[in-house]
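Summary of the model geometry
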Amino acid sequence: MTGMTSTSRPLLNRRLAEFGTTIFAEMSQLALRTGSLNLGQGFPDTDGPEEVREAAVRALRDGRGNQYPPGPGVPELRGAVAAHQERRYGLSYDPDTEVLVTAGATEAIAAALLALLEPGDEVIAFEPYYDSYAACIAMAGGTRVPVTLRPHEGSFRLDLDELRAAVTDRTRLLLINTPHNPTGTVLTRAELAAIAELAVERDLLVVTDEVYEHLVFDDAEHLPLASFPGMRERTVTIGSAGKTFSFTGWKVGWVTAASGLVTAVRSAKQFLTYVSSGPFQYAVAEALALPDSYFAAFREDMLTKRDLLAAGLTEAGFEVFKPAGTYFITTDIRPLGESDGFAFCRALPERAGVVAIPNAVFYDHREAGAPFVRFAFCKQTAVLEEAVRRLKSLAG
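Cut-offs applied
- Residues numbered from 1 in each chain as written.
- Predicted model: local features only at pLDDT ≥ 70, side-chain atom pairs only at ≥ 80, totals over all residues.
- Heavy atoms only, no water.
- Salt bridge = Lys/Arg side-chain N within 4 Å of Asp/Glu carboxyl O.
- Helix = DSSP H or I, 4+ residues; strand = E, 2+ residues; numbered from the N terminus.
- Buried < 20%, exposed > 50% of the residue type's maximum accessible area, 1.4 Å probe, protein only.
- Phe/Tyr/Trp six-rings, centres within 6.5 Å; stacked < 30°, edge-to-face > 60°.
- Contact = heavy atoms within 4.5 Å.
- Axes fitted to C-alpha atoms, helices over the stretch in contact; angles between N-to-C directions.
- Parallel < 35°, antiparallel > 145°, perpendicular 65-115°, else oblique.
- Nonpolar A, V, L, I, M, F, W, Y, C, P; charged D, E, K, R; others polar.
- Polar contact = N/O pair within 3.5 Å; in protein donor to acceptor, adjacent residues only side chain to side chain.
- Left-handed = near helix turned anticlockwise from the far one by under 90°.
- Expected span 1.5 Å × (residues − 1).
- Arc of directions from axis to C-beta.
- UniProt positions renumbered as here; feature names shortened; annotations may be inferred.
- Domains from an automatic or database assignment.
- Buried area = accessible area lost by both parts, 1.4 Å probe.

Here the focus is the pattern of salt bridges. Counting across every chain of the model gives 27 salt bridges. D301 is the partner of K305 in a salt bridge, and the nearest nitrogen-oxygen pair spans 3.2 Å. Placement of the pair is K305 and D301 together in helix α11 (residues 292–315), with a separation of four residues, close to one helical turn. Overall, the relative accessible area of 10% leaves K305 in the buried class. Each of the salt bridges in this network shares a partner with another, and the network as a whole consists of D218, R306, D307 and K322.

Dropping the structure here:
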């Protein structure tokens, strides 16, 4: 029989058996097949700053990074990451021992969890969570313990009592994401202080995914968890160039942490990609040194797009949770007479020529996420305007 092996055991490692093809791949294929506008996967449809792209071309031509870069990352980028953390947040990191460059934030998450977990360790993650979190916890042999963010007064909120109750003697690590994908929640100073107190009290490690740090809106403020009392020595902070500079294909991310944590993460990372993105590392080093005006203009552009799409979705009949951060909007489809996000998203390309993502894929408690659907607004204004026009057909 073709495709069969002599063993009756499944080919895929059972830790990964529940994961299959990601929803992003499925929905992007659906967008291509139907010619729909893809507001599902969170990638920009235009490149970032021309001077950053030119910096990558210059590095290629000058032969910088065309061969293996140093394992921890090129010194220029590690220095730029450290300078960025100091300038923005007053956090001081040694670029030689406390910064590690990774193949995007996705590898940083994988390496951190593979390094810091042992089989049976419990990891608390907020659901809905980015789908790689669950897979990486599984690969490390950990047990994920979801704490659900629930809708409350127009946004998704963390229940601190529920978080505290989820911690057991087996809890090793908190996996925090703020600004939060997919809900757009930005944890407040009070919430972060409570998380920090809990981590110190129960002697927990924390991995914090802060890739949307430059995309916070209205009165929200991004505060790195590592800046709270007792947290610098127990927190692995993850950043990324893809989201901030709109070069998602370059896959340049980084970890900042105390040297012992960075050494641990690097021990796992060296057996994943070893190194990556050589010439792009030099370009990202220049990008991180861009003036504050770049980051302000980037945020303002995304804020305008958020408001454009939010207004259109509201007019189309969705309940809209206006995000305080990220470039995603979560909506509730129940006002449209729908309750199954999977069925809704699979039918939406035929109904309206638009692709979105069902939030239920980001939940262990699927029923909690069933009526929620995520749209990305990191697209050209004309694309968003056309998507809004198409979605209005849902309102009849």
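Right, let's get into the packing of aromatic side chains. Using the criterion set out here, one finds 19 aromatic pairs in the structure. Seen in terms of ring centroids, F24 and Y130 are 6.5 Å apart; in terms of plane orientation they differ by 40°. Their pairing is tilted. Here F24 is found in helix α1 (residues 23–34), whereas its partner Y130 is found in the loop between β3 (122–127) and α5 (131–139), with 106 residues between them in sequence. Using a relative accessible area of 10% as the deciding quantity, one classes F24 as buried. Since its relative accessible area comes to 24%, Y130 is described here as partly exposed. Look at W250 and F280: their rings are 4.5 Å apart centre to centre, the planes differ by 10°, and that puts the pair in the stacked class.

Bringing the side chain of T256 into the picture now. In this structure, T256 sits in strand β10 (residues 253–256). Taking the relative accessible area as the measure of exposure, T256 reaches 0% and is therefore buried. Leave out the neighbours within four places in its chain, and T256 touches V81, Q85, Y93, E98, V99, T235, V236 and T237.

It is at 8 Å that the axes of helix α4 (residues 104–116) and helix α9 (residues 259–269) come closest, and there the two elements cross at 105°. On the basis of the axis angle, α4 is roughly perpendicular to α9. Seen from α4, the contacting residues are E107, A111, A112, L114, A115 and L116; seen from α9, they are L261, A264, V265, A268 and K269. A breakdown of the residues in the contact of α4 with α9 according to their chemical character gives nine nonpolar, no polar and two charged.

This part covers the environment of R15. Within the secondary structure, R15 sits in the segment before α1. For R15, a relative accessible area of 38% gives the class partly exposed. Distance in space between the C-alpha atoms of R15 and V388 is 40 Å, their sequence separation being 373 residues. If we skip the residues at most four places from it in the chain, R15 touches P119, A138, M139, A140 and G141. Polar side-chain contacts of R15 include one of 3.1 Å to the backbone oxygen of M139.

What follows concerns the packing of α1 against helix α12 (residues 341–352). Where α1 contacts α12, the two axes come as close as 9 Å, and the packing angle between them is 20°. Of the possible angle classes, the one that applies to α1 and α12 is roughly parallel. In the crossing of α1 with α12, the sense of the turn from one axis to the other is right-handed. Mapping the contact onto sequence places I23, E26, M27, L30 and T34 in α1 and F342, C345, R346, P349 and E350 in α12. A per-class count over the contact of α1 with α12 returns six nonpolar, one polar and three charged.

Our next topic: helix α2 (residues 50–62). Because each turn of an α-helix spans 3.6 residues, side chains separated by three or four positions in sequence point in the same direction. Taking 1.5 Å of rise per residue, the 13 residues of α2 would be expected to cover 18 Å, and the 18 Å separating its terminal C-alpha atoms lies within 8% of that figure. Here α2 has its buried residues at V52, A55, A56 and A59. Buried residues in α2, looked at end-on, bunch into an arc of 100°, giving them a common side. The inward-facing, buried residues of α2 contact α10 (278–288). Trailing α2 by a residue or two, G63 shows a phi angle of about 75°, which is positive.

On to the UniProt feature "domain: Aminotransferase class I/classII large" (unreviewed entry) in the protein chain, then. UniProt records the feature "domain: Aminotransferase class I/classII large" (unreviewed entry) at residues 37–391, using the numbering of this structure. Counting secondary structure, residues 37–391 comes out at 42% helix and 18% strand; the distance between its end C-alpha atoms is 11 Å.

It is worth spelling out the domain arrangement of the protein chain at this point. Assigned domains within the protein chain: domain 1 (14–42 + 293–394) and domain 2 (50–290). Taking the mean C-alpha position of each, domain 1 and domain 2 sit 24 Å from one another. Each partner contributes to the interface: domain 1 provides 31 residues, whereas domain 2 provides 43 residues. Here domain 1 meets domain 2 over a buried area of about 3,300 Å², counting both sides, of which 62% is carbon and sulfur. A per-residue breakdown of the area domain 1 buries against domain 2 is headed by F295, T326 and F362, which together make up 21% of the total. For the pair domain 1 and domain 2, the number of links is three salt bridges. Taking the shortest distance from any N to any O, the salt bridge between R306 and D218 comes out at 2.8 Å. There are 15 residue pairs in polar contact (both at pLDDT 80 or more) connecting domain 1 and domain 2.

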